[in-house]
Each structure stands twice: as C-alpha cells, then as structure tokens.
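Chain residues, written in single-letter form:
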Amino acid sequence: QVQLVESGGGLVQAGGSLRLSCAASGRTFRNYAMGWFRQAPGKEREFVAAISESGGSTSYADSVKGRFTISRDNAKNMVYLQMNSLKPEDTAVYYCAAKYGVSTLSYEYGYWGQGTQVTVSS
C-alpha cells in the first residue's frame, strides 16, 4: 500500500512555471508506476503524464507534451511534475496516482493523493 501527498500548486501567470511534488510513503514505492492527472471544474479527470517504475519510460498527454516533464527519485520516494509555459487551460486540481504497471487510464490507478490546485492567470 502507498499513501501520496501532493504539493507545489499555486497561482502563476501564463507563461510561467511550477513544479509539483508528490511524496509517497511505504518501502515499495519503487514497485509502482506513477501518474499525474488533473481535473478542471465541470470536466472529467484527465491524464497528464506517467512514468514507469524505474523512471526509464514516460508518457504525456498531447496537450502538455514539450511543456511538462515527469520525473521520479526512488531513493526519496518522490515524483515530480515540472510544468513550463503554463496556459490558462492548465488550470485544474492536479493529482498524483500509483499503480503496478504504467497506464494512462485513471480508473486503473488504485492509489491517489488529495490533489493540489494549479491556477494559471491570463
């Protein structure tokens, strides 16, 4: 089992950057693939990025490709989402999630954090 806590959200102007962090508990963190998802008001939760257990494989939504970078530090039980060139449409609550095996499908993830708000002003 793993518990997840996100941090790093906030208010930023369009074109700015934020780095989200997700701290995971448990000694088996390295066994989990990790994903970042987001949910804007009135919209369904959507996939943002995912990273394999070792960090050797990553996947991104087309809407963030080239602007966002997912990474992990298994020694520190941390996963990160570096967000650059932010746009107002990136405004959402961002969640990190964990599962065995990489996936872009939110319903396949069994462990979720509480979320962190990202607001991008125009």
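This structure is a prediction, so every number in the text was calculated from the model and none was measured.

### Section: the environment of F37
Turning to step 1, where the next piece is worked out: Mapped onto the fold, F37 is located in strand β4 (residues 33-39).
Turning to step 2, where the next piece is worked out: Taking relative accessible area as the criterion, F37 reaches 0% and is therefore assigned buried.
Turning to step 3, where the next piece is worked out: Through-space distance from the C-alpha of F37 to that of V48 is 5.0 Å; in sequence the pair is 11 residues apart.

### Thoughts on the state of the cysteines
Turning to step 1, where the next piece is worked out: All chains considered together, the criterion is met by one disulfide.
Turning to step 2, where the next piece is worked out: Through a disulfide, C22 is tied to C96; the S-S separation comes to 2.0 Å. Disulfide C22 to C96: torsion about the S-S bond roughly 50 degrees, handedness right-handed. Residue C22 is located in strand β3 (residues 18-24), and its partner C96 is located in strand β9 (residues 92-99); the two are separated by 74 residues in the primary sequence. For the pair C22 and C96, a shared accessibility class is recorded, and that class is buried.

### Re unusual backbone geometry
Turning to step 1, where the next piece is worked out: Look at N77: it is not a glycine, yet its phi comes out positive at around 55 degrees.
Turning to step 2, where the next piece is worked out: Looking at the element boundaries, N77 is found in the loop between β7 (68-73) and β8 (78-83).
Turning to step 3, where the next piece is worked out: Unusually for a residue other than glycine, S85 sits at a positive phi of about 50 degrees.
Turning to step 4, where the next piece is worked out: Along the chain, S85 turns up in the loop between β8 and β9.

### Concerning the pattern of salt bridges
Turning to step 1, where the next piece is worked out: Applying the stated rule across the entire model yields four salt bridges.
Turning to step 2, where the next piece is worked out: Here D90 ties to R67 by a salt bridge, and the two come within 2.8 Å at their closest N and O atoms. With a gap of 23 residues between them, D90 in the loop between β8 and β9 and R67 in the loop between β6 (58-60) and β7 connect regions that are remote in the sequence. Comparing D90 with R67 shows no difference in burial state: the two are buried.
Turning to step 3, where the next piece is worked out: Among the ionic contacts, a cluster of salt bridges with common partners joins R38, E46, R67 and D90.

Calculation criteria
Residues numbered from 1 in each chain as written. Predicted model: local features only at pLDDT ≥ 70, side-chain atom pairs only at ≥ 80, totals over all residues. Heavy atoms only, no water. Helix = DSSP H or I, 4+ residues; strand = E, 2+ residues; numbered from the N terminus. Buried < 20%, exposed > 50% of the residue type's maximum accessible area, 1.4 Å probe, protein only. Disulfide = S-S within 2.5 Å. Salt bridge = Lys/Arg side-chain N within 4 Å of Asp/Glu carboxyl O.

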